[in-house]
Amino acid sequence: SLGSVVAQALRTSLGQSQAIRLVAASDVAAGLRRMTLPVATPLTDSVARELAVRDGIPLMVSGTVAPVGGGFLITASLMRTDSALTLTSVQVAADGPSALLGAIDGLARELRSRIGESLRAVAQAPALQDATTSSLAALREFTRGVELGDVQGKFTEGAEHLRAAVREDSTFASAWRKLAVYVFNMDGLRSEVLHAAS
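If you're wondering where the values come from, they're calculated on a predicted model, not measured in any experiment.

Calculation notes
- Residues numbered from 1 in each chain as written.
- Predicted model: local features only at pLDDT ≥ 70, side-chain atom pairs only at ≥ 80, totals over all residues.
- Heavy atoms only, no water.
- Salt bridge = Lys/Arg side-chain N within 4 Å of Asp/Glu carboxyl O.
- Helix = DSSP H or I, 4+ residues; strand = E, 2+ residues; numbered from the N terminus.
- Buried < 20%, exposed > 50% of the residue type's maximum accessible area, 1.4 Å probe, protein only.
- Contact = heavy atoms within 4.5 Å.
- Pairing = 2+ DSSP bridges.
- Axes fitted to C-alpha atoms, helices over the stretch in contact; angles between N-to-C directions.
- Phe/Tyr/Trp six-rings, centres within 6.5 Å; stacked < 30°, edge-to-face > 60°.
- Core = buried A, V, L, I, M, F, W, Y, C linked by side-chain atoms within 4.5 Å.

### Re the pattern of salt bridges
Following the criterion strictly, the structure yields nine salt bridges and no others. The partner of Glu-110 in a salt bridge is Arg-114, with the nearest N and O atoms 2.8 Å apart. Separated by four residues within a single helix, Glu-110 and Arg-114 lie in helix α4 (residues 100-115), roughly one turn from each other. Judged by its relative accessible area of 43%, Arg-114 is partly exposed. Put simply, Glu-160 and Arg-163 hold a salt bridge, and the shortest N to O gap is 2.6 Å. Taken together, the residues Glu-160 and Arg-163, both in helix α8 (residues 155-168) and three residues apart, mark about one turn of the helix. On the accessibility criterion, Arg-163 (19% relative accessible area) is buried. Among the charged side chains, a network of salt bridges with common partners joins Glu-160, Arg-163 and Glu-192.

Structure follows, in structure tokens:
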């Protein structure tokens, strides 16, 4: 499950870029359905590459998270989908769970600069911990909630994980926003929608 949390954090950090456009989770789910695969199918490199080729997506980011001592080694590679050619690769180490978000942020910034985004734009982007949360537990709950709601359409179950995320970190704005959307989509209490949105 740590891989999906790292992927969500990397996605958030890369999403701040003006040089690239990320594919939405709902578009990935639609692509998996067109491939006659369940929407919960893990996005292995081969599945992601086939989906990208089918949908005309030219590039993909592939990565690994490996335990090293008490920490982690995180690698991300930017690949062409038509040939699987690796265009660039970045690797960072995190001393432990508390250093994970900072390491992911550094990795994403390096990847953005290698893609060609201006150093000024990269430097002005808010730190990942400021844009999301400093709590790994909250990010884990948020990631699971988004997987259930955005990808599988299970808004009720996704909302439970989002509620857990904001209990872990009450300043996690992305989780509050997503919770407001899910409760609205479920035709839930208007008071909860307004509370989460505010």
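### Considerations on the side chain of Ser-135
With respect to the helices, strands and loops of the structure, Ser-135 is situated in the loop between α6 (128-131) and α7 (136-151). Since its relative accessible area comes to 16%, Ser-135 is described here as buried. Apart from the residues within four sequence positions on either side, Ser-135 is in contact with Leu-101, Glu-168 and Asp-169.

### Section: the sheet that holds strand β1 (residues 59-68)
Strands sit in the order β1-β2-β3 across an open sheet of three strands; the sheet is antiparallel. Whereas interior strands pair on both sides, the edge strands pair on one side only; in this sheet they are β1 and β3 (86-94). Averaged over all adjacent pairs, the angle separating strand axes in this sheet is 15°, with direction ignored. Note that β1 and strand β2 (residues 71-80) share ten bridges and pair antiparallel. In the strand pairing of β2, Gly-63 is matched with Ala-76. Helix-sheet contacts for helix α1 (residues 2-14) involve β1 and β2, and the interaxial angle to β1 is about 135°.

### Considerations on the packing of aromatic side chains
Counted by the stated rule, this structure contains two aromatic pairs. Centroid distance Phe-155 to Tyr-182: 5.1 Å. Interplanar angle 65°. Geometry classified as edge-to-face. With a gap of 27 residues between them, Phe-155 in helix α8 and Tyr-182 in helix α9 (residues 173-185) connect regions that are remote in the sequence. Taking relative accessible area as the criterion, Tyr-182 reaches 1% and is therefore assigned buried.

### Overview of the nonpolar core
Counting 38 residues, the largest nonpolar core has Ile-74, Leu-100, Ile-104 and Phe-142 as its most contacted members. Listing elements by their share of this core, those giving two or more residues are α1, β2, β3, α4, α7, α8, α9 and α10 (190-197). The leading source of residues in this core is α4, at seven residues. In this structure, Phe-142 is in contact with Gln-8, Leu-162, Ala-165, Phe-172, Ser-174, Ala-175 and Lys-178, ignoring residues within four places of it in sequence. Among the nonpolar cores identified, the runner-up in size contains seven residues, and Leu-32, Val-47, Ala-52 and Ile-57 belong to it.

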